[in-house]
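Single-letter residue listing:
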Amino acid sequence: MMVNLTVHTSLYTRFWSSMRLTVAVAMLTISGIGCQQPQSDLIEHPNVLFISLDDMNDWVKPLGGHPQAVTPQLDRFAQTGVNFTRNYAPSPGCNPSRSAMLTGLHPVTSGMYSNYQDWREVPVLQQVQTIGQHFRESGYYTAGAGKIFHYSQVDSIGWDDYYPSIANPMPQEFLPEDRPVNMTAFPFMYNMFDWAPLELSDEETADYQTVSYISDQLQREHDKPFFLAAGIYRPHLPWYVPQEYFDRFPIEDVQKPALLEDDIGDLGPVAQELIVRGGNYHKHVVEADQWEEAIQGYLASVAYADAMLGHLLDALEASPYADNTIVVIWSDHGWQLGEKEHWRKFALWENVIRTVFMMRVPEGIQALPEGSAPGTSTGNLTSLLDIYPTLAELCQLSPRTDYDGMSLTGMLADPSTPVVRPIISTYDYGSYSIRYENWHYIRYIDGSEELYDLETDPEEWNNRAREVGLSDTKAMLAGFIPDNPIDLPEESLIPLMEHHVPPFRSEEYFFSEERAAWMTRFD
């Protein structure tokens, strides 16, 4: 098999003036594969089953992040597809990460940086096809259920059908009357920061409604290729799932993540602010003696989401479309549960930006006749931004040339071939993570820095940004930071709630008295 490397030019040539790497953002194209089968016998437009898992971090078994995680369905899928073990979110927040992935444009290209924006009001994104629109325009039947875009910020023209409806994409959840159930409330706490077992069956839960709708779509007769999107909401907060999932993790056995005492002593002021943002979750979890209980709730929610995934995989296997459907499984970002004394997302550390991403391509597809390499994994650095261009190539959609990711079609066929590239994530405006080879470099809007060698320090306990001997390495990594990121468009901002932290929307705003006044509420 011959592998040709060509340079991808979109975001990287727009924003990076200097590329100091062996193979600059390589796009793999495979020559001469699948010659045994005549082109006329191959499928030009395969079906797609597109599955999102909300807030799922790297604790799952295929990524090996927590020894107690129970994810047999993800394990099962990993045995048949390609597991991208070093995949990253463009941003550590649901809205900017999903908006970037579903439009193909990085936040620094679009200006869509924060959960507290409406992506539909971002001028750049108003000119771009979403993935649903692109498939629909290309002749596909498009249907979805659950959280794909951010809650009610729906893509109203990207779908032929949606459950419960295009205007209301989230099935109704059962919530206990007296909340919070276990977490002691504190000022400015997100009101869903809670965990508890429910006396419900799977069939009574909201995510089951989502997977049932998509499963029903898989049993229907379709007269055109389909793009079906299932947005499984767990393990997003609140961690309310049926009792049986909590029972799998007896509280006396629950293990905390790997921790280092005084891990935050070498961090700068912005990182310190992120740790205590919104009222200092870690302090209050510890004071409430709920750390193990919270971990139990997260592990239970991961196990529940995995079971919902299993229903979808079973439905596909039992359908007429098992052999002509591409399956993509992804999470929008990771999550922390006390590492660096930090909870939730909204940070740039490895286990916040690292995501689940797996894909399986069946044999007999024109764009990849031999299909993806089954039961394989790759340590090449990839991004959620790569999913859209990959599907567009595999499904032979009408061409777009402005993707900020790259097609992984070649990597699906040959995951072992090294591809060296930087992966860039941004927190709000002006704070960046650069993942490149074994290095993780973070530079915040105030200029403070972190540098980790993940080969020797996978937990990011030793910030080496001040080491003189690494100044050249740090400068090389800093060279990948965008030169001219687009500003956050003010017209896209949504009203803030009391517990919200205003997004970094410019350097001027970050250092402003207006922002300082808002942040005093969290002191």
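Going by the structure above, here's the rest.
Throughout what follows, the structure given in this document is the object of discussion. (Residues numbered from 1 in each chain as written. Predicted model: local features only at pLDDT ≥ 70, side-chain atom pairs only at ≥ 80, totals over all residues. Heavy atoms only, no water.)

**Overview of the overall build of the chain**
Step number 1: Counting secondary structure elements, the chain contains 16 helices and 19 strands.
Step number 2: Against the globule reference of 24 Å for 523 residues, the chain gives a C-alpha radius of gyration of 22 Å, in line with a compact fold.
Step number 3: Over its C-alpha atoms, taken along the principal directions, the chain stretches across nearly 65 × 55 × 45 Å.
Step number 4: For the chain, contacts bridging at least 24 residues in sequence account for 74% of all contacts bridging at least 6.
Step number 5: Looking at the chain as shown, the accessible area adds up to about 19000 Å², and 48% of this sits on carbon and sulfur atoms. (Helix = DSSP H or I, 4+ residues; strand = E, 2+ residues; numbered from the N terminus. Rg over C-alpha atoms; globule rule 2.2 N^0.38 Å. Contact = heavy atoms within 4.5 Å. Areas by Shrake-Rupley, 256 points an atom, 1.4 Å probe, with all protein chains shown as cover.)

**Structural notes on the pattern of salt bridges**
Step number 1: Under the definition given, this model contains 23 salt bridges.
Step number 2: Residue Lys147 pairs with Asp54 through a salt bridge whose shortest N-O separation is 2.9 Å. With Lys147 in the loop between strand S5 (141–146) and strand S6 (161–163) and Asp54 in the loop between strand S3 (47–53) and helix H2 (72–78), this residue pair connects regions lying 93 residues apart in the sequence. Per residue, the accessibility class of Lys147 equals that of Asp54, and both read buried.
Step number 3: For Lys345, the salt bridge goes to Asp55, with nearest N and O atoms at 3.1 Å. Highlighted residues: Lys345 in the loop between strand S12 (343–344) and helix H11 (350–353) and Asp55 in the loop between S3 and H2, separated in sequence by 290 residues.
Step number 4: In this structure, a network of salt bridges that share partners links the residues Asp54, Arg98, Lys147 and Asp332. (Salt bridge = Lys/Arg side-chain N within 4 Å of Asp/Glu carboxyl O. Buried < 20%, exposed > 50% of the residue type's maximum accessible area, 1.4 Å probe, protein only.)

**Section: the packing of aromatic side chains**
Step number 1: Tallied over the full model, the rule gives 29 aromatic pairs.
Step number 2: Aromatic side chains Phe135 and Tyr140 sit 4.8 Å apart centroid to centroid with 85 degrees between the ring planes, which places their arrangement in the edge-to-face category. As far as the burial class goes, Phe135 and Tyr140 line up, both buried.
Step number 3: Taken together, the ring pairs in this structure connect Trp59, Phe186, Phe193, Trp195, Trp239, Tyr281, Trp291, Tyr298, Trp335 and Trp343 into an aromatic cluster. (Phe/Tyr/Trp six-rings, centres within 6.5 Å; stacked < 30°, edge-to-face > 60°.)

**Some details on the layout of surface pockets**
Step number 1: A volume near 770 Å³ is recorded for the largest pocket.
Step number 2: What lines the largest pocket is a set of 38 residues, among which His150, Tyr151, Tyr190, Met497 and His500 lie closest to the centre.
Step number 3: Listed by contribution, the elements that provide at least two residues to the lining of the largest pocket are helix H8 (269–276) and S12.
Step number 4: Of the volumes computed, that of the second largest pocket is approximately 580 Å³.
Step number 5: Forming the boundary of the second largest pocket are 37 residues, of which Asp58, Asn351, Pro458, Glu459 and Glu460 lie nearest the centre.
Step number 6: Only strand S4 (82–88) and H11 provide two or more residues apiece to the lining of the second largest pocket. (1 Å grid on protein atoms, 1.4 Å probe; cavity = no way out; pocket = protein on both sides within 12 Å on 5 of 7 lines; lining within 4 Å. Points joined across faces, edges and corners; volume = space filled by probe spheres on them.)

**Digging into empty space enclosed by the protein**
Step number 1: According to the stated counting rule, one finds five cavities of 30 Å³ or more in the structure shown.
Step number 2: A volume near 100 Å³ is recorded for the largest cavity.
Step number 3: Contributing to the lining of the largest cavity are Glu173, Phe174, Leu198, Leu200, Glu204, Thr205, Ala206, Asp207, Arg234, Tyr240 and Tyr304.
Step number 4: Class assignment for the residues of the lining of the largest cavity results in six nonpolar, one polar and four charged.
Step number 5: Considering only enclosed or pocket space, the second largest cavity measures out at about 80 Å³ in volume.
Step number 6: In terms of lining, the second largest cavity is formed by 13 residues, of which the most central are Ser114, Asn115, Phe346, Tyr427 and Asp428.
Step number 7: Of the residues that constitute the lining of the second largest cavity, the class distribution is seven nonpolar, four polar and two charged. (Nonpolar A, V, L, I, M, F, W, Y, C, P; charged D, E, K, R; others polar.)

**Things to note about the packing of helix H6 (residues 206–219) against helix H10 (residues 291–317)**
Step number 1: Interhelical geometry of H6 versus H10 gives an angle of 10 degrees and a closest axis separation of 9 Å. Classed by the angle they form, the pair H6 and H10 counts as roughly parallel. For the pair H6 and H10, contact is made by Ala206, Asp207, Tyr208, Val211, Ile214, Ser215, Leu218 and Gln219 and by Tyr304, Met308, His311, Leu312, Ala315 and Leu316, respectively.
Step number 2: Classifying every residue of the contact of H6 with H10 by side-chain character gives 10 nonpolar, three polar and one charged. (Axes fitted to C-alpha atoms, helices over the stretch in contact; angles between N-to-C directions. Parallel < 35°, antiparallel > 145°, perpendicular 65-115°, else oblique.)

**A look at H10**
Step number 1: Counted at 1.5 Å a residue, the expected span for H10 with its 27 residues is 39 Å, and the 39 Å between its end C-alpha atoms agrees.
Step number 2: Extensive coverage of H10 is indicated by the burial of 22 of its 27 residues. (Expected span 1.5 Å × (residues − 1).)

**Concerning the nonpolar core**
Step number 1: Core analysis: the largest hydrophobic core is formed by 63 residues, its most contacted members being Leu74, Phe193, Ile329 and Trp343.
Step number 2: Here this core takes 17 residues from H10, the largest share from any one element.
Step number 3: Those residues within four positions of Leu74 in sequence are excluded, and the remaining contacts are Leu53, Met56, Val60, Pro62, Asp306, Leu309, Ile329, Val356 and Met358.
Step number 4: By size, the runner-up hydrophobic cluster in this structure holds 45 residues, among which are Ile131, Tyr140, Phe227 and Ile326. (Core = buried A, V, L, I, M, F, W, Y, C linked by side-chain atoms within 4.5 Å.)

**Thoughts on the sheet that holds strand S18 (residues 439–443)**
Step number 1: One open sheet holds the four strands; their spatial order is S16-S17-S18-S19, and the pairing between them is antiparallel. Among the strands making up the open sheet, the edge pair consists of strand S16 (423–427) and strand S19 (449–453). When the angles between neighbouring strand axes are averaged without regard to direction, this sheet yields 15 degrees.
Step number 2: Pairing between strand S17 (residues 431–436) and S18: five bridges, direction antiparallel. Within the sheet, the bridge partner assigned to Ile434 lies in S18 and is Tyr441. (Pairing = 2+ DSSP bridges.)

Nothing here speaks to function; it is geometry throughout.
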